[in-house]
Amino acid sequence: MEDEEEGEPNLHVFKASSSGKDNNNNNNGGQASVQGVKAQAWDPRTMLCNLSFMEQKIHELQGLVHLILGRNGQLQDEQQQLITADLTSIIIQLISTAGSLLPSVNMLSTTAPGSALFPFPREANNLASQTLNNGGASQELEDDAEEGENLPPGSYEIKQLEKEEILAPHTNFCTICGKGFKRDANLRMHMRGHGDQYKTPAALAKPPTKETLPGSDAPMLIKRYSCPFPGCKRNKDHKRFQPLKTILCVKNHYKRTHCDKSFTCSRCHTKKFSVIADLKTHEKHCGQNKWLCSCGTTFSRKDKLFGHIALFQGHTPAIPLEDTKPSAAASSQRGSSGCGNSNNNAAMVSFSLGSAANANQETSQPCVMDGKTSFEESFSPLSFDICNFGGFPRSIFDDSFQMLISSACGCSPINGGVGSVSDTSL
Amino acid sequence: MKKAKQIQDMISKPFDLLSEELVFIILDLVAQNPSDLKSFSLTCKWFYQVEARHRRSLKPLRAEYLPRILTRYRNTADLDLSFCPRVTDYALSVVGCLSGPTLRSVDLSRSFSFSAAGLLRLAVKCVSLVEIDLSNATEMRDAAAAVVAEAKSLERLKLGRCKKLTDMGIGCIAVGCRKLKRVSLKWCVGVGDLGVGLLAVKCKDIRSLDLSYLPITGKCLHDVLKLQHLEELLLQGCFGVDDDSLKSLTHHCNSLKNLDASSCQNLTQRGLTSLLSGAGCLERLDLAHSSSVISLDFASSLNKVSSALQSIRLDGCAVTCDGLKAIGTLCISLREVSLSKCVTVTDEGLSCLVMKLKDLRKLDITCCRKLTGVSITQVASSCPLLVSLKMESCSLVSRDAFWLIGHKCRLLEELDFTDNEIDDEGLKSISSCRSLSSLKLGICLNITDRGLSYIGMGCSNLRELDLYRSVGITDVGISSIAQGCCHLETINISYCKDITDKSLVSLSKCSMLQTFESRGCPHITCQGLAAIAVRCKRLSKLDLKKCPFINDSGLLTLAHFSQGLKQISVSETGVTDVGLVSLANIGCLQNIAAVNTRGLSPSGVAAALVGCGGLRKVKLHASLRSLLPSSLINHMEARGCSFLWKDYNNHNNSNTLQAELDPKYWKLQLEEDIEL
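Predicted model, so just to flag it, every value in this text is computed and none were measured.

*Asks:* Account for the overall build of chain B, with residues named and values stated.
*Replies:* From N to C terminus, chain B includes 29 helices and 24 strands. If you take every contact in chain B between residues at least 6 apart in sequence, the share linking residues at least 24 apart comes to 73%. Surface summary for chain B: the accessible area is close to 27,600 Å², and the carbon and sulfur share equals 53%.

Here it is in structure tokens:
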């Protein structure tokens, strides 16, 4: 049972990346699983499985080429592509299978002599393979606080918690009533209610070792933690493994990186978080992001916006609507102020060329005809109002302006996001 | 038979032989004088059409006529709207529709009452727009700047004094107009480091960047000085640019030719050294009104740029003798030196400076009051190629020195001897400078008609002559000038109390005359003015203040003949309503000053104001402000006319005028005022 599960994901991934057709069978992202293959501990059974699969694939390819030979060598584009893709995937698989040998060899040689612990490697991997579709293996940037720490491998003790253990709301449980607590100290406070024997200073004192896991006999050794997610930089099997300092780090890292972001900001309804503290931090500042780019990204600081614009081609600062038309914008702004950020985004005018050109084409003609009469009239009367536009045909421009704004607003969600980067870049 | 008919045709239509190309060449030559062009186009229908096709640049007087003008001139490439104060969005959309594809440059620097919508028309319709001047659009906001960013081919952009613009607007322009070459952001006080930095990052072709009076620090200069083609960088009055922010600056901006760091109060030698360290090819350096003392140490910071430096301006700086000496020995290729208002300059310093500057062309030592004939003698003997010498108020310079200037520097074109001790002998020697075109002899009390007659005989190329308060001059001197200098364009004979109509009649021979200032000449009358008005067709500026004998008949002649008049002052004259209203006949008239003109009634002024359609500035007595209907004032302001209300009271009697005409009394009073 275990063997199959071990091999299965790799197999699926291999198919997905090679044929490109039966992607739907598997939710795994191609990249993430290739990483998984690379980083996994060397396992003869996996290796064997991979090798046999490659053999099978080569046989398939042979058959295909034979078939083409039978048709007098008429090679169609589609078939050629298929063969090329297959060959490429075989090569990739070969390299990755061979490459998986290297780190595990290193790991074995360095960690084996020491007293490093691998508490539940098999289970952890399994769990990881199941939660692969949670996906964000790219978010390696987070939790790099201890990046500078360069402990030599083997100089510290590595612990790896299970997924359930990490995600459990409580870690300390009362042995009598079963109530769970987040903190050890709270549990001890709770225990006082169960009898006088829990009220002694010795019982209330902080236990000498925090962890109750077996094998923590060497108190001198520094403890570091590994993420159970295979392929993660924080996983001990990763080539450039960066250990996590505390359990809290493990928890936050695992939630942020490998879990769904289930907490949505109640103000902007767009930003999502997996750690509730992050949400609270965000909510404090949500709505203050007044610096907006044409791509829809908001920034709390102007210099960040300008850095972003300097970096990407075609992105421009978006001018808030209130700036373009004071009176109209002020009223609309007042109406929508309660709804927060998403409305603000829509209310920005980006003056994209397309919309501008459209507005122009449609309104330019009548303007000339109307104008001829009204323009000359505009200077004659003495009763001239400065605030007014004089005799100038105001409605035309107002219309065009209104159109412009509406079209720009309509565009902004479409333009928004990652898509526009590729659209506009040169 | 047929041939005969052809010949007949040819005689009847002689211009058919001319090809359009030939006419274009003729027009190129005619185009120097607008009135000639007008006569040409009125010759016949074909000429009218050809002229319309030929013209590329337009400077209309009224925005109302834009539709008609642009329909006639279809090939308009340069449109200068600086005479049209009120340019509405409609006018801009007319411009966009009628000459969209051909238009290359638009000047809106003096216009207002257009908005982002109008600019959008312009930006979208004029696809080949290369230059736009939006200076003084003080109400312009970021939204309008975002619209300007739609003009993708823009290369030259001026946004001077657009005070409501922020980094966001400049950011939009930086992203939109990638081809920008020359950008002026002078006085855009809302733009900071971020906007300028982005501009430098996005627009790699920038050659000239004016950042004067911006609240920037040295931070954005790190990006700016990375520009590969930057030639001109103006940082006038950037108080935020200090030594600390320039400390880490390392650049190799070898393209930089012109650097203006004047009035940068917080920039001292240390910051300047790092600013100049990479600019090895710098040619012009402006350090006017900087806070640091120009000493020996300071001169050492010029080490890196000394080889190519051609021009240096140190106006108003504290200059030491050693510093000038060091500059003189380091930068031997200097062609222009300006030490205007450097009160600490001594004879020794200037002599050491010019000693080795054989190539010096321009020297400005205005108000260096310690200088005497010694250093001027040194200048004259060391710099034979001198073209321009400005030495206003160097009153210690002896008369002999002027003789030497004329003797040694024969190439002089521009001379400013205002408030100096020059005498007729000096003028005689200067008259040997054949190419002299500008001569200022204001408050030179030692010169007489004899000296002027030398100038009249020798300097036939003279264009500008200033005789302000040079009271030794009479009609004889002016007539000799008028006879000899037929190219004269500008003359100032203010407060020359002996001038009469005879001078004006003789000056009317100078048909190129454009500016005529005769303020405080008590003897000139309307007859003299009539002579000028009739014969000087190009007259555009006229100052008749404090000429009590000028009255309505003079203005009536002006209104009839001087159709090019743009500016007139009739303060404290005998002009009444009739004369002022008659000025409405002059279409180009932009500035009127009529303070303390007793014959004027409020209704007369009102009628004149309504009549003169192109007025931009009116100077009136403050008492009229309440007497004129407020609706009229509002109307005028909406038309783009601004009012200056003067509330000084004129003790209008002959005594004060007499007192003012006495130069000694006047100078005494001026000194008293300064001391106060």
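*Asks:* For the overall build of chain A, give the residues involved together with the corresponding values.
*Replies:* If you tally the helices and strands in chain A, you get 18 helices and eight strands. Across the 426 residues of chain A, 35% fall into the buried class. As presented, chain A carries roughly 24,900 Å² of accessible surface, and 57% of it is formed by carbon and sulfur atoms.

*Asks:* Account for helix α15 (residues 347-354) of chain B, naming residues and giving values.
*Replies:* The buried fraction of α15 of chain B amounts to seven of the eight residues, a majority that puts the element mostly inside the structure. Along its buried surface, α15 of chain B packs onto α14 (321-330), β12 (336-338) and α16 (373-382) of chain B.

*Asks:* Residue-level account of the packing of helix α22 (residues 526-535) of chain B against helix α23 (residues 552-561) of chain B, with values.
*Replies:* All names here are of chain B. Packing of α22 against α23 leaves a shortest axis separation of 9 Å and a crossing angle of 5 degrees. Looking at the two axes, α22 sits roughly parallel to α23. In this structure, α22 uses Cys-526, Leu-529, Ala-530, Ala-533 and Val-534 to contact α23, whose residues at the interface are Ser-553, Gly-554, Thr-557, Leu-558 and Phe-561. For the contact of α22 with α23, the per-class residue count stands at seven nonpolar, three polar and no charged.

*Asks:* Give a detailed account of the nonpolar core, specifying residues and quantitative values.
*Replies:* Judged by nonpolar contacts, the single largest core of 215 residues is most densely connected at Leu-159, Leu-233, Leu-339 and Leu-441 of chain B. Among residues more than four places away in sequence, those in contact with Leu-441 of chain B are Phe-417, Ile-422, Leu-427, Ile-447, Leu-452, Leu-465, Asp-466, Leu-467 and Ser-470 of chain B. Among the nonpolar cores identified, the runner-up in size contains ten residues, and Tyr-225, Val-250, Tyr-254 and Cys-259 of chain A belong to it.

*Asks:* Please set out unusual backbone geometry residue by residue, giving values where relevant.
*Replies:* Residues and elements named next belong to chain B. In this structure, Asp-419 is a non-glycine residue whose phi angle is positive, near 60 degrees. Assignment of secondary structure puts Asp-419 in the loop between β15 (414-416) and α18 (424-430). One non-glycine residue with positive phi stands out, namely Asn-596, at about 55 degrees. Along the chain, the position of Asn-596 falls in the loop between β22 (591-594) and α25 (602-611).

*Asks:* A description of the UniProt feature "domain: C2H2-type" (unreviewed entry) in chain A should follow, citing residues and the corresponding values.
*Replies:* Per the UniProt record, "domain: C2H2-type" (unreviewed entry) is found at residues 172-199 of chain A. Helix makes up 29% of residues 172-199 of chain A and strand 14%, with an end-to-end C-alpha separation of 18 Å.

*Asks:* Report on a nonpolar patch on the surface, specifying residues and quantitative values.
*Replies:* Residues and elements named next belong to chain B. A contiguous nonpolar surface patch, about 320 Å² in accessible area, is contributed by Leu-22, Ile-25 and Leu-29. Tracing the chain through its elements places Leu-22 in helix α2 (residues 20-30). With relative accessibility at 45%, the residue Leu-22 sits in the partly exposed group.

*Asks:* Hey, could you go over the side chain of Asp-543 of chain B for me, with residue numbers and the actual values?
*Replies:* All names here are of chain B. Along the chain, Asp-543 turns up in strand β20 (residues 541-543). In terms of polar contacts, Asp-543 uses its side chain to reach the side chain of Arg-519, at 2.9 Å. Excluding residues within four positions of it along the chain, Asp-543 makes contact with Phe-516, Glu-517, Ser-518, Arg-519 and Ser-569.

*Asks:* Explain the environment of Asp-89 of chain B residue by residue, including any values.
*Replies:* Residues and elements named next belong to chain B. With respect to the element layout, Asp-89 can be found in helix α6 (residues 89-99). Separated by 29 residues in the primary sequence, Asp-89 and Gly-118 have C-alpha atoms spaced 4.0 Å apart. Of note is the side chain of Asp-89, whose polar atom sits 3.3 Å from the backbone nitrogen of Gly-118.

*Asks:* Which residues make up the pattern of salt bridges, and what values do they have?
*Replies:* All names here are of chain B. One pass over the full model with this rule turns up 27 salt bridges over all chains. Close ionic contact of Glu-51 with Arg-55 constitutes a salt bridge, the shortest N to O distance being 3.4 Å. For Arg-55, a relative accessible area of 25% puts it in the partly exposed group.

*Asks:* Any chance you could break down the side chain of His-54 of chain B for me, citing the residues and the numbers?
*Replies:* Residue and element names in this part refer to chain B. Tracing the backbone through its elements, the reader meets His-54 in helix α4 (residues 45-54). What makes His-54 buried here is its relative accessible area of 14%. Ignoring anything within four residues of it in the chain, the contact list for His-54 reads Phe-24, Leu-27 and Asp-28.

*Asks:* Describe helix α12 (residues 269-277) of chain B, and please don't skip the residues or the numbers.
*Replies:* Every buried residue belonging to α12 of chain B is among Gly-271, Leu-272, Ser-274, Leu-275 and Leu-276 of chain B, and all of these are buried. Buried residues in α12 of chain B make contact with α11 (219-224), β9 (258-260), β10 (284-286) and α13 (296-300) of chain B.

*Asks:* Which residues make up the packing of aromatic side chains, and what values do they have?
*Replies:* Residue and element names in this part refer to chain B. One pass over the full model with this rule turns up six aromatic pairs over all chains. When the ring of Phe-40 is compared with that of Phe-47, the centres are 4.3 Å apart and the planes differ by 10 degrees; the resulting orientation is stacked. For the pair formed by Phe-40 and Phe-47, the shared burial category is buried. On the numbers, 5.1 Å between centres and 5 degrees between planes, the contact of Phe-643 with Trp-645 is stacked. A single burial state applies to Phe-643 and to Trp-645, both of which are buried. Ring pairs connect the aromatic residues Phe-40, Trp-46 and Phe-47, which therefore count as one cluster.

*Asks:* Report on the packing of helix α12 (residues 302-311) of chain A against helix α10 (residues 193-202) of chain B, specifying residues and quantitative values.
*Replies:* Where α12 of chain A contacts α10 of chain B, the two axes come as close as 10 Å, and the packing angle between them is 5 degrees. Overall, the two elements α12 of chain A and α10 of chain B adopt an arrangement that is roughly parallel. Contacts from Lys-302, Asp-303, Phe-306, Ile-309 and Ala-310 of chain A in α12 of chain A reach Leu-194, Gly-195, Leu-198, Val-201 and Lys-202 of chain B in α10 of chain B.

*Asks:* So what's going on with the state of the cysteines? Residues and values would help.
*Replies:* All names here are of chain B. One pass over the structure, following the stated rule, counts zero disulfides over all chains. Here Cys-317 is not cross-linked by a disulfide; its sulfur's nearest cysteine counterpart is in Cys-342, at 5.7 Å. Cysteine Cys-612 shares no disulfide, and the gap to the nearest cysteine sulfur, in Cys-641, comes to 9.5 Å.

*Asks:* Any chance you could break down the confidence of the model for chain B for me, citing the residues and the numbers?
*Replies:* With 95% of its residues at a pLDDT of 70 or more, chain B has an overall mean of 90. Per the prediction output, this complex has pTM 0.67; the corresponding ipTM is 0.82.

*Asks:* Before we move on, could you go through a positive patch on the surface and cite the residues and values that matter?
*Replies:* A cluster of basic residues, Arg-110, Arg-161, Lys-163 and Lys-617 of chain B, forms a positive patch on the protein surface. Positionally, Lys-617 of chain B belongs in strand β23 (residues 617-621).

*Asks:* Give a description of the confidence of the model for chain A that names residues and reports values.
*Replies:* All names here are of chain A. Of all residues in chain A, 48% attain a pLDDT of 70 or more, and the chain-wide mean is 61. Mean pLDDT per element in chain A: helix α18 (residues 419-424) is the minimum at 35, and α12 is the maximum at 91. Every residue in residues 104-147 is under pLDDT 50, and counting partners more than four places away or in other chains gives 65 contacts.

*Asks:* Account for the environment of Ala-482 of chain B, naming residues and giving values.
*Replies:* Residue and element names in this part refer to chain B. In this structure, Ala-482 sits in helix α20 (residues 475-484). Between the alpha carbons of Ala-482 and Leu-504 there is a distance of 9.4 Å; along the sequence they are 22 residues apart. Apart from the residues within four sequence positions on either side, Ala-482 is in contact with Ser-506, Leu-507 and Cys-510.

Thresholds, definitions, all that
Residues numbered from 1 in each chain as written. Chains lettered and ligands numbered in written order. Predicted model: local features only at pLDDT ≥ 70, side-chain atom pairs only at ≥ 80, totals over all residues. Heavy atoms only, no water. Helix = DSSP H or I, 4+ residues; strand = E, 2+ residues; numbered from the N terminus. Contact = heavy atoms within 4.5 Å. Areas by Shrake-Rupley, 256 points an atom, 1.4 Å probe, with all protein chains shown as cover. Buried < 20%, exposed > 50% of the residue type's maximum accessible area, 1.4 Å probe, protein only. Axes fitted to C-alpha atoms, helices over the stretch in contact; angles between N-to-C directions. Parallel < 35°, antiparallel > 145°, perpendicular 65-115°, else oblique. Nonpolar A, V, L, I, M, F, W, Y, C, P; charged D, E, K, R; others polar. Core = buried A, V, L, I, M, F, W, Y, C linked by side-chain atoms within 4.5 Å. UniProt positions renumbered as here; feature names shortened; annotations may be inferred. Patch = residues over 30% accessible without salt bridge, like charges linked within 9 Å, V, L, I, M, F, W, Y side chains within 5 Å. Salt bridge = Lys/Arg side-chain N within 4 Å of Asp/Glu carboxyl O. Polar contact = N/O pair within 3.5 Å; in protein donor to acceptor, adjacent residues only side chain to side chain. Phe/Tyr/Trp six-rings, centres within 6.5 Å; stacked < 30°, edge-to-face > 60°. Disulfide = S-S within 2.5 Å. pLDDT = per-residue confidence, 0-100. Lys, Arg positive; Asp, Glu negative; His and termini not counted. Charge placed at Lys NZ, Arg CZ, Asp CG, Glu CD.

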